[in-house]
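# Residue-level structure breakdown
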Amino acid sequence: MTDMNEKLVFERPESVVDRATHYCPGCHHGVAHRLVGELLDEMNLREKALLIGSIGCSVFLYNYLDVDAVEAPHGRAPAVATGAKRARNDCFVFTYQGDGDLASIGMAEIMHAANRGERIAVVFVNNTVYGMTGGQMAPTTLVGQKTTTCPGGRCRDKEGMPIKMTEIISQLGGVAFAARGSLDSVKNIRTAKKYLRKAFECQTNNLGFGFVELLSACPTNWKMTPVKANERIGEEMIPYFPLGVYKDVTEEGGAC
Amino acid sequence: MADKIFIKGNEAVARGALAAGCKCFFGYPITPQNDIPEFMSKAIVDAGGEFVQAESEVAAANMLLGAGATGVRSMTSSSSPGISLKQEAISYMAGSGIPAVVVNMNRGGPGLGDIGPAQGDYYQSTRGGGHGDYRLLVYAPATGQEAYDLTIKAFDMAFKYRNPVMILGDAILGQMKEPIVPWQPELPGDEEGAEWRLQGTGGREKRLIKSLFLEEGALAGQNQYLQAKYEKMQGEIEYEAFETDDADLIVCAYGSIGRIAKSAVRKLRKAGHKVGLFRPITLYPFPAAPLLEMAKAGKRFLTVEHNLGQMVDDVRLSIRTVADSDFFAIYPGNLPTPDEFEEPILKSLEGK
């Protein structure tokens, strides 16, 4: 039994539902979910939050967060979020999208929602592969990375270079905050949470569009052990997708 | 508010939506419906609502999905190629029970077609249009006044059934100016959709609006629920029966073509021919029962459409146990006059 001297130092956030997730061992969605859940608690946003679910492994996020949620067609979450936020300005509206969803089929929706400066937050989980559909090439797949649809490795001449979404998004006028974090180490996870908080604050302070990319592991489709997959983020992904804040209007001293 | 105003059918739709309490409009330019977003870009904002010119029809329809999920009365409008692009979101809205009004000012197709009037989107409108088994309640106004009235009704029906409702017009209806009498319906209070809408939990249990049903049997259950909803919609059928009682031949036509056919029927009546008009106002559900009654009474049928034969399927399905229907096509790309209907009507009347 519990010793009276023990002190509880780590709890499940109230915004996270007490149930097992469907994610593979070593997947970082669970970490990303937890960061979102912690912030919803800390910023007192849970009861007015509206999650726009998307397609892919993360579609079931709505089962793991204790918030109102609606499911969007693939790639369209920023448009659905636009409609929801315009209709209910008092809600805290956020999307949670993977790289195939956001950077491929949903490229138009993310660019224009960002450019309009929609008061929404976007959590962009980049694991350089289509997860749920079985490991196909994503717009963010690294050159040389093997997937089921580039079995010889992504070729720059045939498939183009991996798209750097945070760099692109940060150029758009309506964006108040854009940053890229990573979930491969405790230090990076802490920084990622700071970025997410900033992105969320852009909406609560009515500053503009908030965007955070999170480099994440997909051990199953990378065909790696969880440990090796985690190491790959630091060795291969971060050099191509540099971490950091790309735009922050609060530091620039004004709203967009 | 009872004064007559002289406006285009497109504006009648927009004004009807505002009268119905529409608070969000998401549009994208395409001819011949541009008057609707242009009107809304000021009027809905003046009324305290939101207007977004989306980056595409795809995005506009998904904005509609997002706004509809929060229980706010919302609308989008487009024309044929644009409506094709909206079908993905419409299927999702139907699959997840999100109310919304979608306006299609039908132009000529297939493909880019032309910007003139046509009725080639009948199948797309009444058979779902997107993926999966679903239906929209579809209203086909024939006049500016009907466009106003039915748009108001469309919002009520969308929320009554938690389903997208379509207003299907064409370039004639949209572009023609005529007098209408606007009126103000009694609006629902803030409680509309309160039992399902999303606006943050605010202390209650969380809610989820979705169309994904992976557990074994769950999707079958959802489809049973949807089919039961469509069955209930059968109670909403509307139609106009003009000079049908003693008619030997019933001309079946809808929307603008129904209105032109009515002129032809009126003229032939004056000449002593026993013809009448059956004009479905709801295209889905199709008013099959009253049509069957006419068939049982021994009447003949001629379906006239501004396409190559689409609604005629529903006419034939309705009367198939006792009768059949002739068909006369006005090829999209042409604008018919009532006179052009006379020969096919007389031929059909004589059984030729």
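Up top is the structure these notes are about.
Cut-offs applied
Residues numbered from 1 in each chain as written. Chains lettered and ligands numbered in written order. Predicted model: local features only at pLDDT ≥ 70, side-chain atom pairs only at ≥ 80, totals over all residues. Heavy atoms only, no water. Contact = heavy atoms within 4.5 Å. Buried area = accessible area lost by both parts, 1.4 Å probe. Salt bridge = Lys/Arg side-chain N within 4 Å of Asp/Glu carboxyl O. Polar contact = N/O pair within 3.5 Å; in protein donor to acceptor, adjacent residues only side chain to side chain. Helix = DSSP H or I, 4+ residues; strand = E, 2+ residues; numbered from the N terminus. Nonpolar A, V, L, I, M, F, W, Y, C, P; charged D, E, K, R; others polar. Pairing = 2+ DSSP bridges. Buried < 20%, exposed > 50% of the residue type's maximum accessible area, 1.4 Å probe, protein only. Arc of directions from axis to C-beta. Axes fitted to C-alpha atoms, helices over the stretch in contact; angles between N-to-C directions. Parallel < 35°, antiparallel > 145°, perpendicular 65-115°, else oblique. Left-handed = near helix turned anticlockwise from the far one by under 90°. Phe/Tyr/Trp six-rings, centres within 6.5 Å; stacked < 30°, edge-to-face > 60°. Lys NZ or Arg CZ within 6 Å of the ring centre and 35° of its normal.

### A look at the interface of chain B and chain A
With 38 residues of chain B at the contact, the number on the chain A side is 36 residues. In total, chain B and chain A occlude about 2800 Å² of area from one another, counting both sides; carbon and sulfur atoms represent 57% of this. Between the two partners, chain B and chain A, sit four salt bridges. A salt bridge links Arg204(B) to Asp68(A); the nearest nitrogen and oxygen atoms lie 2.7 Å apart. Linking chain B to chain A there are 19 residue pairs in polar contact (both at pLDDT 80 or more). The set of elements that each furnish at least two residues to the side of chain B that touches chain A consists of β2 (24–27), β3 (50–53), α3 (57–69), α4 (80–96) and β9 (208–209) of chain B. Sorting elements by how many residues they give to the side of chain B that touches chain A places α3(B) first, with eight residues. When its residues are assigned to classes, the side of chain B that touches chain A shows 18 nonpolar, 11 polar and nine charged. In the sheet, strand β2 (residues 68–71) of chain A pairs with β9(B) via two bridges, with the strands oriented parallel. When the bridges of β9(B) are listed, Ala69(A) appears paired with Leu208(B).

### Notes on helix α11 (residues 311–319) of chain B
Regarding α11(B), the residues found buried are Met311(B), Val312(B), Asp314(B), Val315(B), Ser318(B) and Ile319(B). Across the axial projection of α11(B), the buried residues extend over an arc of 160°, all falling on one side.

### Remarks on the side chain of Asp248(A)
Residues and elements named next belong to chain A. Inspection of the secondary structure puts Asp 248 in strand β7 (residues 244–248). Among the polar contacts listed, one links the side chain of Asp 248 to the side chain of Thr 250, at a separation of 2.4 Å. Filtering out sequence-adjacent residues up to four positions away, Asp 248 remains in contact with Ala 176, Phe 177 and Lys 198.

### Considerations on the packing of helix α1 (residues 29–42) of chain A against helix α8 (residues 186–204) of chain A
Residue and element names in this part refer to chain A. In the contact formed by α1 and α8, the axes pass within 10 Å of each other and the chain directions differ by 50°. Considered as vectors, α1 and α8 are oriented oblique to each other. For α1 against α8, the interelement crossing comes out right-handed. Contacts between α1 and α8 involve Val 31, Leu 35, Val 36, Glu 38, Leu 39, Leu 40 and Glu 42 from the first element and Ile 189, Ala 192, Lys 193, Leu 196, Arg 197 and Phe 200 from the second. Residues that form the contact of α1 with α8 fall into these classes: nine nonpolar, no polar and four charged.

### Some words on the sheet that holds strand β1 (residues 49–53) of chain A
Paired through backbone hydrogen bonds, the strands of a sheet run either parallel or antiparallel to each other. Across the sheet, eight strands lie side by side as β7(A)-β5(A)-β6(A)-β4(A)-β3(A)-β1(A)-β2(A)-β9(B); this open sheet has mixed pairing. Only two strands of the sheet have a single partner each, and these edge strands are β7 of chain A together with β9 of chain B. Note: strand β3 (residues 92–98) of chain A against strand β4 (residues 121–126) of chain A, five bridges, orientation parallel. Within β4(A), the position partnered with Gln97(A) by the bridge is Phe124(A). Relative to β3(A), α1(A) is tilted by about 170°, and along the sheet it contacts β1, β3, β4 and β6 (209–215) of chain A. Each of β4, β5 (175–182) and β6 of chain A touches helix α10 (residues 226–240) of chain A; the most contacted strand, β6(A), lies at about 130° to it.

### Some words on the packing of aromatic side chains
If you walk through the whole model with that rule in mind, you get 13 aromatic pairs over all chains. Judged by centre distance (6.2 Å) and plane angle (45°), the ring pair of Phe94(A) and Phe200(A) falls under tilted. Of this pair, Phe94(A) sits in strand β3 while Phe200(A) sits in helix α8, placing them 106 residues apart in sequence. Centre to centre, the rings of Tyr122(B) and Tyr254(B) are 5.5 Å apart; their planes meet at 45°, and the pair counts as tilted. Taken together, the positions of Tyr122(B) in helix α5 (residues 122–126) and Tyr254(B) in the loop between β11 (249–252) and α9 (255–270) put the pair 132 residues apart, joining distant regions of the chain. A relative accessible area of 0% places Tyr122(B) in the buried class. A cation over a ring is seen here: Lys164(A) above Tyr240(A), with NZ or CZ 4.2 Å from the ring centre. Lys262(B) extends its terminal NZ or CZ atom over the ring of Phe242(B), reaching a point 5.0 Å from the ring centre.

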